[in-house]
Amino acid sequence: MKRIDTEAIVIGGGATGCGILRDLALRGIKAVLIEKNDIASGTTGRNHGLLHSGARYAVNDLESAQECIAENRILKKIARHCIEDTGGLFVTLPDDDPGYHRKLMEHCKYAGIPCEELSVGKALKIEPNLNPNALSALRVPDGTIDPFRLAAANILDAQEHGAKVHTHTFVTAIIQEGGTATGVHCHDTRTREDFEIFGRIIINASGVWGQRICALAGIELRMFPSKGAMVIIDYRLNSVVVNRCRIPSDGDIIVPGDTVSLIGTTSKRIEYSQIEELNVDDGEIEVLLADGEKLIPNLSRTRVLRAYSGVRPLIDVSGDVDGRTISRGIVLIDHAARDGVEGLVTIAGGKLMTYRLMAQMAVDLACKKLDVSRKCSTHREPLPGSELTMLPSKHIKYFTGIPQSVVGSTLYRHGERVRQILSLSKHNYALICECEMVCEGEVEYAIRNLNVKDLVDLRRRTRIGMGPCQGELCSYRAAGLFTRLKVATSDESNGMLIDFLEERWKGMKPILWGDGLREAEFTYWIYQGLFGLGDVAMRGEEGDK
């Protein structure tokens, strides 16, 4: 059996795991990351993409609020191309307690969060679609962050500093010798190869799946999964983040993200056995749309694109196990001290906002165990693409001859790396996805450099299929590129296309009414009727038999 030797093994390719891999690599520690699916395919990729100012937690969780505002300031410097600094509003509606407005201002002051009181008229100038019946408004430094871009940039930097990554690979066993975790047994689901990795420290950063990883080492770690559901609207309804000024509840936040807006979230405790089979029910969608409409009335005249949900990886440290009130605080566990198993560390809890801090905490502990003295630098080293070397206008001038919309969108998603992506070749800037302005050169760059194995991975790196058409007109072009670039056979590309459309269907199914239903039927007609994809799927099934 193949054997890999390294110093540190990271389990989990969410934002925290990716941040840990980068931190380890920047400190000169050899590291390997194992992810059972794709980068950011779990909880990281299933949130609303809010760059928290911390105001949302200021009243009930001061520590989380302070962590959020500190990381907010750091991420705006090191991850510019992953962030849109929109600003945010907290709005009091006629149904809300008017006293919460003043209370939130006071607690933001305690937490060090800038919080400005605005007249409703000024708030409407900032966000014209806001409910004009609002009673009061506050402005805070919220923003938006693309979790896929953030995770991929961390991985890219780690790999450029020598780290290794294995996606679509399960950890099937924790190898122990004399009470010390020394390695992991893995299974690659694509090559069907089994192999082992040995290292001096294993960091379990697998989020809600951390309970299972601990169980492989004979350790009991109880998690309390909390499901959060969201819906996506088919265009960008608001230009700033809009929050309801009340104790956090369901449907009280609308976040603009690239070409769409998201309404979130719900919070519902689920059994651990349900974490792999998440569904968004009718009741959750009704609550999100009804409460979202109170914040922005125009929402009732929009089309819902899809609904999805994620699981918060919460750990009970206080006895409080309710989904909404259990702490979002960071939990770092040294299993040598807690369970007598040396060489294994678990990091969990927290939020996307605090992924970098969580990574720093876990790597600080790892360094202590490895006797490495080099300090963390991730708070000052920009991620690949976020180096500030040139004004956007100079990039656009450099690519004279290529449509500005293509250059601007590529620059927006990949920052300074745009020079490695675009060229004046017509093939290079030919459009693959009109909704998100993704060109052929960007697809090739993602396949060659960003650990893309299939169309679903490609969606997370480029936003193909995430705009209003949901992959209807771009997925078959992208599938063809896999074959033309000689990274997949035609049969493999067809299989990727089927998997991609089925994955998109899961999110569309809960919202099939009106125009959404009509578009789904149109997509079905194109692929099943015009392209004969159903016949391809049947041939594949016969082959399997």
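Residues numbered from 1 in each chain as written. Predicted model: local features only at pLDDT ≥ 70, side-chain atom pairs only at ≥ 80, totals over all residues. Heavy atoms only, no water.

Glancing now at empty space enclosed by the protein. Going through the model one piece at a time under the given rule, you end up with 6 cavities of 30 Å³ or more. For the largest cavity, the calculated volume is near 120 Å³. Lining of the largest cavity is provided by 14 residues; of these, His81, Ala152, Arg413, His414 and Leu450 occupy positions nearest its centre. Secondary-structure elements contributing two or more residues to the lining of the largest cavity are helix H5 (147–160), helix H11 (404–414) and helix H15 (455–462). When the residues that make up the lining of the largest cavity are grouped by side-chain class, the tally is 7 nonpolar, 2 polar and 5 charged. (1 Å grid on protein atoms, 1.4 Å probe; cavity = no way out; pocket = protein on both sides within 12 Å on 5 of 7 lines; lining within 4 Å. Points joined across faces, edges and corners; volume = space filled by probe spheres on them. Helix = DSSP H or I, 4+ residues; strand = E, 2+ residues; numbered from the N terminus. Nonpolar A, V, L, I, M, F, W, Y, C, P; charged D, E, K, R; others polar.)

Right, let's get into the pattern of salt bridges. Inspection of every chain in the model, using the stated rule, returns 38 salt bridges. Close ionic contact of Arg463 with Asp258 constitutes a salt bridge, the shortest N to O distance being 3.5 Å. Placement of Arg463 in the loop between H15 and helix H16 (475–484) and of Asp258 in the loop between strand S17 (253–257) and strand S18 (260–264) is noted, with a sequence separation of 205 residues between them. The burial state of Arg463 is the same as that of Asp258; both residues are buried. For Glu444, the salt bridge is made with Arg448, and the minimal N-O distance between the two is 3.7 Å. Taken together, the residues Glu444 and Arg448, both in helix H14 (residues 440–449) and 4 residues apart, mark about one turn of the helix. Given the relative accessible area of 33%, Glu444 is considered partly exposed. Under the relative-accessibility criterion, Arg448 is labelled partly exposed at 47%. (Salt bridge = Lys/Arg side-chain N within 4 Å of Asp/Glu carboxyl O. Buried < 20%, exposed > 50% of the residue type's maximum accessible area, 1.4 Å probe, protein only.)

Our focus in this paragraph is the sheet that holds strand S21 (residues 330–334). With respect to topology, 6 strands assemble into an open sheet ordered S10-S3-S2-S14-S22-S21, the strand pairing being mixed. The open sheet terminates on both sides in strands that have one partner only, identified here as strand S10 (164–166) and S21. On average, each strand axis in the sheet is inclined to that of its neighbour by 15°, with strand direction left out of account. Against the sheet, helix H1 (residues 15–26) contacts strand S2 (8–11), strand S3 (31–34), S10, strand S14 (201–204) and strand S22 (344–349), and its axis sits at roughly 170° relative to S3. The strands touched by helix H9 (residues 355–370) are S14, S21 and S22; relative to S21, the strand with the most contacts, the crossing angle is about 15°. (Pairing = 2+ DSSP bridges. Axes fitted to C-alpha atoms, helices over the stretch in contact; angles between N-to-C directions. Contact = heavy atoms within 4.5 Å.)

What follows is about the pairing of strand S15 (residues 226–233). As a general feature of sheets, a regular strand has side chains that alternate between the two faces. Summarising burial for S15: 8 of the 8 residues are buried, a large majority. By the alternation rule, side chains of S15 split into Ser226, Gly228, Met230 and Ile232 and Lys227, Ala229, Val231 and Ile233, which are all buried. With 2 bridges joining them, S15 and strand S19 (residues 268–269) adopt antiparallel strand pairing. Bridged to Lys227 within S19 is Lys268. As defined by bridge partners, S15 adjoins strand S20 (residues 304–312) across 8 bridges and the pair is classed as antiparallel. Bridge assignment links Gly228 to a residue of S20, and that residue is Gly310.

What the rule picks out here adds up to 5 aromatic pairs. Here Phe522 and Trp525 contribute two aromatic rings whose centre-to-centre distance is 6.2 Å and whose plane-to-plane angle is 15°, an arrangement assigned as stacked. A residue pair is termed a helical-turn pair when its members lie 3 or 4 positions apart in one helix, as Phe522 and Trp525 do in helix H18 (residues 514–530) at 3 residues. Plain terms: the ring middles of Tyr527 and Phe531 are 5.4 Å apart, the flat faces sit at 85° to each other, and that makes the pair edge-to-face. By way of ring pairs, the aromatic residues Tyr476, Tyr527 and Phe531 are connected into one cluster. The ring of Phe195 has Lys2 lying over it, and the distance from NZ or CZ to the ring centre is 5.2 Å. (Phe/Tyr/Trp six-rings, centres within 6.5 Å; stacked < 30°, edge-to-face > 60°. Lys NZ or Arg CZ within 6 Å of the ring centre and 35° of its normal.)

Geometric descriptors of this kind do not, in isolation, establish any biological role.
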